Amino acid sequence: AWVERWGVYSMLVNQKNATEAEKAELKRRHGELGEFIEEQQAKQKAYVAETFDTAIYNNVISTLSAQEEAPGSHQTAIQIFHDMTDNEIAFDNETKDLLKKVCFSDS
């Protein structure tokens, strides 16, 4: 959807037969798309930093780890650890204990 919005998809499909002008246009649009993605990532990072903290993540992970029999709860808890890392949310001692519990089934 976002690739089509930027008009890049059709140019990517036909890149082999593109003229030099079309290749230059593709390069320009690719640059714009890269800037757009970087801008969106910066907005996401700022939103996460002001909205979420370690305690919120710990509460969610703790709830999921208590539901071991629930389908998907283990995988979701692991994904949240990845999200914490990607969003540069600090791990505290409680987070480290939860990580051990979730990843190694170690209480």
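As the structure is a prediction and not an experimental result, all values here were calculated from the model.

About the criteria used
- Residues numbered from 1 in each chain as written.
- Predicted model: local features only at pLDDT ≥ 70, side-chain atom pairs only at ≥ 80, totals over all residues.
- Heavy atoms only, no water.
- Axes fitted to C-alpha atoms, helices over the stretch in contact; angles between N-to-C directions.
- Helix = DSSP H or I, 4+ residues; strand = E, 2+ residues; numbered from the N terminus.
- Parallel < 35°, antiparallel > 145°, perpendicular 65-115°, else oblique.
- Left-handed = near helix turned anticlockwise from the far one by under 90°.
- Contact = heavy atoms within 4.5 Å.
- Nonpolar A, V, L, I, M, F, W, Y, C, P; charged D, E, K, R; others polar.
- Buried < 20%, exposed > 50% of the residue type's maximum accessible area, 1.4 Å probe, protein only.

A.B. asks: In this structure, what is going on with the packing of helix α4 (residues 54–66) against helix α6 (residues 93–104)? I would like to understand it.
C.D. replies: Any two packed helices are characterised by how steeply their axes cross, that is the angle between the axes, and by the distance between the axes. Axis separation between α4 and α6 bottoms out at 10 Å; the angle between their running directions is 25 degrees. Judged by the angle between their axes, α4 and α6 are roughly parallel. Along this stretch, α4 crosses α6, giving a crossing that reads as left-handed. Taken together, the residues of α6 that come into contact with α4 (itself represented by Thr54, Asn58, Ile61, Ser62 and Ser65) are Glu94, Thr95, Leu98, Lys101 and Val102. The residue makeup of the contact of α4 with α6, split by class, is three nonpolar, five polar and two charged.

A.B. asks: Honestly, unusual backbone geometry in this entry has me stumped. Any pointers?
C.D. replies: Most peptide bonds are trans, and most residues other than glycine sit at a negative phi. Phi at glutamate 88 takes a positive value of approximately 55 degrees, unusual for a residue other than glycine. Residue position: glutamate 88 is located in the loop between α5 (73–86) and α6. Given the relative accessible area of 57%, glutamate 88 is considered exposed.

A.B. asks: For this particular structure, what's the right way to read the side chain of threonine 54?
C.D. replies: Residue placement: threonine 54 occurs in helix α4. Residue threonine 54 is classed as buried on the basis of its relative accessible area of 15%. If sequence neighbours within four positions are ignored, threonine 54 has contacts with Met84, Ile89, Ala90, Asp92 and Thr95.

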